[in-house]
Amino acid sequence: MSATLALPATPGASLARQLARANRRRKLGAFALTLPLLVFLLLTFLVPIAALLLRAVENPEVAGALPRTVAALDEWDRQSEPGPGAFAALAADLAALPDRADAGALARRLNTEAAGARSLVLSTYKALPLDGATTPEAVKARLLELDARWSEPVYWQAIAKNGSRWTPDYLLAAVDLRRDAHGSIERMPEEQRAFGRILLRTFEISALVTVWALLAAYPLAYWLATLPPRRANLLMILVLVPFWTSVLVRVAAWIVLLQNEGLVNGAITGLGLWSEPLPLLFNRTGVVIAMVHILLPFMILPLYSVMKSVPPTYLRAAVSLGSSPLAAFFRVYVPQTYPGIGAGALLVFILAIGYYVTPALLGGADDQMLSYYVAHYTNVDINWGMACALGALLLTATLLLYGVYRQVVRSELSLG
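Residues numbered from 1 in each chain as written. Predicted model: local features only at pLDDT ≥ 70, side-chain atom pairs only at ≥ 80, totals over all residues. Heavy atoms only, no water.

On to a nonpolar patch on the surface, then. Taken together, the side chains of F31, L35, L37, L38, V39, F40, L41, L42, L43, F45, L46 and V47 present a nonpolar region at the surface, about 1100 Å² in accessible area. Along the chain, L35 turns up in helix 1 (residues 11-57). (Patch = residues over 30% accessible without salt bridge, like charges linked within 9 Å, V, L, I, M, F, W, Y side chains within 5 Å. Areas by Shrake-Rupley, 256 points an atom, 1.4 Å probe, with all protein chains shown as cover. Salt bridge = Lys/Arg side-chain N within 4 Å of Asp/Glu carboxyl O. Helix = DSSP H or I, 4+ residues; strand = E, 2+ residues; numbered from the N terminus.)

Below, the structure is given as structure tokens:
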């Protein structure tokens, strides 16, 4: 009879298992330390963005308020007047609404598709129930008697078009497109195309602010990078002072400075540079000046951090080899600061395209950016779908810009 002897584990295998367990414990400890931050980001960043994107394609008003009507219009040709069954379903759906607030939400949604639908829906809702109308034909006759506009296909088309709980209409409207009565995508009429121009204006103002911020920040960051550390740190505090002041306070200060009787125009006219006060307020000039001032630190900091890493001996070496100081600066020093220029420009541009308070207070009607209309649809029109669609458009533009920046940086690193 033979016995199988168990060989003891080698010291090397035991040590490897101990190291693996220690490594797992270290990773779990690191994950536990970062877990609160991950939960915070999830609740305050990712969840709101997901809710915004969801609301941009959600269309619950018509589908939730008029389910019978939507079902009755499934076989409708969307051209002629609907049959009596659709009228009866409409009356039943409106009568089943819990309160006037639901009818108001339905009326507002349909009014965005067909002008006059708000008054039509609310007046019909007030007249319900239709006493004595027991057949679909009688209901149709009573509704047409209440308001003859129910015979017009445009209002029924609005109901049928928005019968689904999910819709691309808000996102299409954000880029000046729409669906026709049959669901085909087409461009909006010329007089209704607004958001394309608004988006272009937003990019124009943001690009202008970015260029001026770069022109103002580059020499200042270079000067700070050449100073001794103690003096540079002291002056950097002055650069960071705007971070400690409310944006609203800074905008109010610029209103005081840029008005016709303000300090800027007073200095211009007092020095004889101009005979009359310059129009610096409630136009694009005032918006750009204030935004450059507010966003300037976001351009200085990336430039300063990159310039501090550039050895000053490079410029001296280029000059000693026969280059002029100016040529050495632009051909040797400036290319090494491209990462700082790219990071600062991207940061300023992304922050600028989402600005609302500064253009709203300092700009005119033709200087409002896309975020102004997000606030308008949220607070005035109470159109959450359109507001979220415009927000999604801004988010997409930001992500695309960031992707372009990453590609440029990756290309520069690979070439380097």
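As a further point, take the environment of L248. Within the fold, L248 resides in helix 12 (residues 247-258). Considering only alpha carbons, one finds L248 and V357, 109 residues apart in sequence, at a separation of 7.3 Å. If we skip the residues at most four places from it in the chain, L248 touches V357 and L361. (Contact = heavy atoms within 4.5 Å.)

The full count for this structure, using the stated rule, is 11 aromatic pairs. Ring centres of F195 and Y377 lie 6.2 Å apart, and the angle between their planes is 45°; this geometry places the pair in the tilted category. One end of the pair, F195, is in helix 10 (residues 195-226); the other, Y377, is in helix 19 (residues 370-379), with 182 residues separating them in the sequence. For the pair F195 and Y377, a shared accessibility class is recorded, and that class is buried. Relative to F329, the ring of Y218 has its centre 6.4 Å away and its plane inclined at 90°; by these criteria the two rings are edge-to-face. Of the two residues, Y218 sits in helix 10 while F329 sits in helix 16 (residues 325-336), which places them 111 residues apart along the sequence. Considered together, Y218 and F329 belong to a single accessibility category, that of buried residues. Each residue in the set Y218, Y222, F329, F330 and Y333 is aromatic and connected to the rest through ring pairs, giving one cluster. (Phe/Tyr/Trp six-rings, centres within 6.5 Å; stacked < 30°, edge-to-face > 60°. Buried < 20%, exposed > 50% of the residue type's maximum accessible area, 1.4 Å probe, protein only.)

Inspection of every chain in the model, using the stated rule, returns 11 salt bridges. Of the charged contacts, one joins K140 and E81 as a salt bridge, the two residues approaching to 2.6 Å between their closest N and O atoms. Pair noted here: K140 is in helix 7 (residues 136-146) and E81 is in the loop between helix 3 (67-72) and helix 4 (84-95), with a separation of 59 residues, a long-range link. On the basis of relative accessibility, which here comes to 32%, the residue E81 falls in the partly exposed class. Taken together, the salt bridges that share partners define one network made up of R109, E113 and K161.

A word on the side chain of R179. Along the polypeptide, R179 turns up in strand 1 (residues 177-179). Looking at R179, its side chain comes within polar contact range of the side chain of T167, at 3.5 Å. A polar contact of 2.7 Å, which involves the side chain of R179, links it to the side chain of D169. Excluding its chain neighbours within four sequence positions, the residues that come into contact with R179 are K161, T167, P168, D169, L172, S184 and I185. (Polar contact = N/O pair within 3.5 Å; in protein donor to acceptor, adjacent residues only side chain to side chain.)

Let us now look at the nonpolar core. Proteins that are soluble and globular tend to have nonpolar side chains buried together. Counting 43 residues, the largest nonpolar core has V209, Y218, M291 and L303 as its most contacted members. Secondary structure elements with two or more residues in this core: helix 10, helix 11 (229-240), helix 12, helix 14 (284-307), helix 15 (313-320), helix 16 and helix 17 (338-353). Broken down by element, the residue count for this core peaks at 13 residues, all from helix 14. When neighbours within four sequence positions are excluded, V209 is seen to be in contact with V288, M291, V292, L295 and V348. Ranked by size, the runner-up nonpolar core spans 33 residues in total, among them V62, W150, A158 and I159. (Core = buried A, V, L, I, M, F, W, Y, C linked by side-chain atoms within 4.5 Å.)

Purely geometric stuff here, so don't read any function into it on its own.
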